[in-house]
Amino acid sequence: MRMLRTRSLVLLTIIALLTALGDGSTSTNSNTITLTTAQQLADNPKASSVDACLPTSRPAGQDTTCEGCKQVSAEPPAELPPPTSPVVSGKWDLWTNGTLLRGINIWQKALYPRDKLNREGKLEVSFETSYDPEDFAKMRSWGANYVNISHPGIYSEKPIETGRGKPKTYIPVDDVITNLKRLVTMSRDAQLFVVVSFRTGPGRNEAVFDEKEKGPITTSWKTDDRGALTEKACEAQNAWVEMWRRAAHELKDFPNVVAYDLMVEPHQEREQQEGINKQELWFALAGRLAEAIRREDTRTPIMIGGANVSTACSLSCVAPGRFSKYGRIVYAAHQYEPYDLYTHQANRNARYKCDEEGAPVNKKSDRDKPHNPHEFDSAVRTVMCDRYRFIYGFRSTHDMVPVAVNEFGVVRYAGAEGQPDAYKAVEFEMGLNERIGANHALWLWETVACIGYDELNIKHGPDPLKHSDLMVDEELKDDLINAIKRNWARNRIFATPDVLNRLGAEDSPRVPLPAVQVSSCKKPS
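Residues numbered from 1 in each chain as written. Predicted model: local features only at pLDDT ≥ 70, side-chain atom pairs only at ≥ 80, totals over all residues. Heavy atoms only, no water.

### As for the overall build of the protein
Part 1 of the reasoning: Of the regular secondary structure elements, the protein holds 13 helices and 16 strands.
Part 2 of the reasoning: In the protein, buried positions account for 56% of the 525 residues.
Part 3 of the reasoning: Put simply, 76% of the contacts in the protein that link residues at least 6 apart link residues at least 24 apart.
Part 4 of the reasoning: Surface summary for the protein: the accessible area is close to 22,100 Å², and the carbon and sulfur share equals 50%. (Helix = DSSP H or I, 4+ residues; strand = E, 2+ residues; numbered from the N terminus. Buried < 20%, exposed > 50% of the residue type's maximum accessible area, 1.4 Å probe, protein only. Contact = heavy atoms within 4.5 Å. Areas by Shrake-Rupley, 256 points an atom, 1.4 Å probe, with all protein chains shown as cover.)

Okay, structure coming up:
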């Protein structure tokens, strides 16, 4: 059961704020969205520094290696650029004019009670969490113009028997398609642009992301002793190709969908095998997915991350020339480093469970559990700066191809004991994204449901013992929320009707494609 809060008054307030904001304008009400300049940020005593990173001990341009690939660093511009508002006549314009999209991720997990069709011939599915129009309206009232929908793929995770005597096969799941389109529609109604990212799909389930979760499905990357994909892996990857073609067909007429992210963090640790060429395996599949999308939709940009869970480091192995033929490619990075030291530091007091009524109940603090409070200090800042030098080095090496950091974040209680400072890290990292010209999406906007983990739920405040949304008066005083609002106040372009009309009227560019979609799995070189 979901723990619901009576929020009618809040919803009415949000709607009123959106009405006041109007068609892409910015409110001057200090309690909602403020037009914040770089100087105002610097003058704010609680804002972290947005100055350039300290000089690196490794000269910019010096080669290093990552995953066996040459990596080049480049120093981002020292100054925080002013927010801009170029004329946007097509979706590609949103990715090629510096930082124009600033927002947040939502996340959903599909739950399949059984691996067969019901009596009505449908594959039953539910979702661990759900979102409603108020969620998107509130994002918009804070100043966001972009939501990254981290969503289950629209095909089944396991092969399904569709009839007696028929071989099992991966099938489209109607309720997942409906749910995705509902989220896209609610985003559009709140004037938010959308990137659709598929977390799971044929031969891949949510358990690959969590080592504690039982039953990981890793079929899509299985290889034999020679390093070639197995027959079952080929079946799964072929279904991924069909899934993305179907998704592009379903979504191409939504002008607020401004990118397709092919796979969230490919080659998770649970999916990796010794001795395989994971880069080649992923890039071969990514090319087939891009081709499938382009057979349905040539206007919407395609987002591709590196094979090692899309880290900044993994961009080193990406060769943009390999994908340029598909047109409008954005490269993705997920930036959570330094992971154990700071962004995902352990706190034994944050552990809780959900009771039978769906209410959070704190677990007893256990001194045997990991506990590593750490402040946002020069060591953390140095690692973050280096990672963004890698990203900017990738851009600089490849004619300034667009890059999006569509996941980054920090546990909400990060900081020295009793001195939370996650807001400093988030504001600092947002500044780095601005300086390298990357659109960015913070992790995570969670629902009000009790789900047993909320470490990165920005709406729960810095207290590790609190597991519910802050009230309105608490939000106004929350350092992290205010840091987020200060950055999102730089947004100038929203998914307003006139902007969407222009995006929807854009001519579809021509993308030369082979007569027949490549359907075979190749042995990696």
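### Digging into the sheet that holds strand 9 (residues 302-305)
Part 1 of the reasoning: One closed barrel accounts for 8 strands, arranged 3-6-7-8-9-10-13-16; its pairing is parallel. Neighbour to neighbour, the strand axes of the sheet diverge by 25 degrees on average, direction disregarded.
Part 2 of the reasoning: Sheet topology places strand 8 (residues 257-261) next to strand 9; 2 bridges connect them, and they run parallel. By the bridge assignment, Asp261 is partnered in strand 9 with Met303. (Pairing = 2+ DSSP bridges. Axes fitted to C-alpha atoms, helices over the stretch in contact; angles between N-to-C directions.)

### Remarks on the state of the cysteines
Part 1 of the reasoning: What the rule picks out here adds up to 2 disulfides.
Part 2 of the reasoning: Each sulfur in the disulfide pair Cys69 and Cys317 lies 2.0 Å from the other. Note on the Cys69 and Cys317 pair: the S-S dihedral is about 105 degrees, so by sign convention the disulfide is right-handed. Taken together, the residues Cys69 in strand 2 (residues 69-72) and Cys317 in the loop between strand 9 and helix 7 (320-323) connect sequence positions 248 residues apart.
Part 3 of the reasoning: Residue classification places Cys69 among the buried positions, given a relative accessible area of 19%.
Part 4 of the reasoning: Put simply, Cys354 and Cys450 are joined by a disulfide, and their sulfur atoms are 2.1 Å apart. Around the S-S axis, the bridge from Cys354 to Cys450 shows a dihedral of about -95 degrees and counts as left-handed. (Disulfide = S-S within 2.5 Å.)

### Overview of a positive patch on the surface
Part 1 of the reasoning: Taken together, the side chains of Lys212, Lys353, Lys363 and Lys369 define a basic patch exposed on the protein surface.
Part 2 of the reasoning: Within the secondary structure, Lys212 sits in the loop between strand 7 (193-198) and helix 5 (231-251).
Part 3 of the reasoning: With a relative accessible area of 74%, Lys212 lands in the exposed category. (Patch = residues over 30% accessible without salt bridge, like charges linked within 9 Å, V, L, I, M, F, W, Y side chains within 5 Å. Salt bridge = Lys/Arg side-chain N within 4 Å of Asp/Glu carboxyl O. Lys, Arg positive; Asp, Glu negative; His and termini not counted. Charge placed at Lys NZ, Arg CZ, Asp CG, Glu CD.)

### Things to note about the packing of helix 4 (residues 174-189) against helix 5
Part 1 of the reasoning: Where helix 4 meets helix 5, the axes come as close as 11 Å, and the angle between the chain directions of the two elements is 40 degrees. The angle between helix 4 and helix 5 falls in the class oblique. Like other packed secondary-structure pairs, helix 4 and helix 5 cross with a definite hand, here right-handed. Here Ile177, Leu180, Lys181 and Val184 of helix 4 lie close against helix 5, whose contacting residues are Arg246, Glu250 and Leu251. (Parallel < 35°, antiparallel > 145°, perpendicular 65-115°, else oblique. Left-handed = near helix turned anticlockwise from the far one by under 90°.)

### Some remarks on helix 12 (residues 479-488)
Part 1 of the reasoning: Across the 10 residues of helix 12, 8 count as buried, placing the element largely inside the fold.
Part 2 of the reasoning: Sitting at the amino-terminal end of helix 12 is Asp478, which places a side-chain oxygen 3.2 Å from the backbone nitrogen of Leu480. (Polar contact = N/O pair within 3.5 Å; in protein donor to acceptor, adjacent residues only side chain to side chain.)

### Topic: the pattern of salt bridges
Two side chains of opposite charge can pair, provided their charged atoms sit close to one another.
Part 1 of the reasoning: In this structure the tally under the stated criterion is 26 salt bridges.
Part 2 of the reasoning: For Arg204, the salt bridge identified is with Glu271, shortest N-O distance 2.7 Å. Residue Arg204 is found in the loop between strand 7 and helix 5, and its partner Glu271 is found in the loop between strand 8 and helix 6 (278-294); the two are separated by 67 residues along the sequence.
Part 3 of the reasoning: For Arg204, a relative accessible area of 0% gives the class buried.
Part 4 of the reasoning: Looking at Glu271, the relative accessible area reads 2%, which means it is buried.
Part 5 of the reasoning: Where salt bridges share partners, they join Glu75, Asp386 and Arg389 into one cluster.

### Digging into unusual backbone geometry
Part 1 of the reasoning: The omega angle of the peptide bond from Glu337 to Pro338 is 0 degrees, so this bond is cis rather than trans.
Part 2 of the reasoning: Even without a glycine there, the phi angle at Asp399 is positive, about 55 degrees.
Part 3 of the reasoning: Among the secondary structure elements, Asp399 is positioned in the loop between helix 9 (378-397) and strand 13 (403-408).
Part 4 of the reasoning: By relative accessible area, Asp399 is classed as exposed at 74%.

### A word on the side chain of Asn148
Part 1 of the reasoning: With respect to the secondary-structure elements, Asn148 resides in strand 6 (residues 146-151).
Part 2 of the reasoning: Judged by its relative accessible area of 1%, Asn148 falls in the buried class.
Part 3 of the reasoning: In terms of polar contacts, Asn148 uses its side chain to reach the side chain of Ser197, at 2.9 Å.

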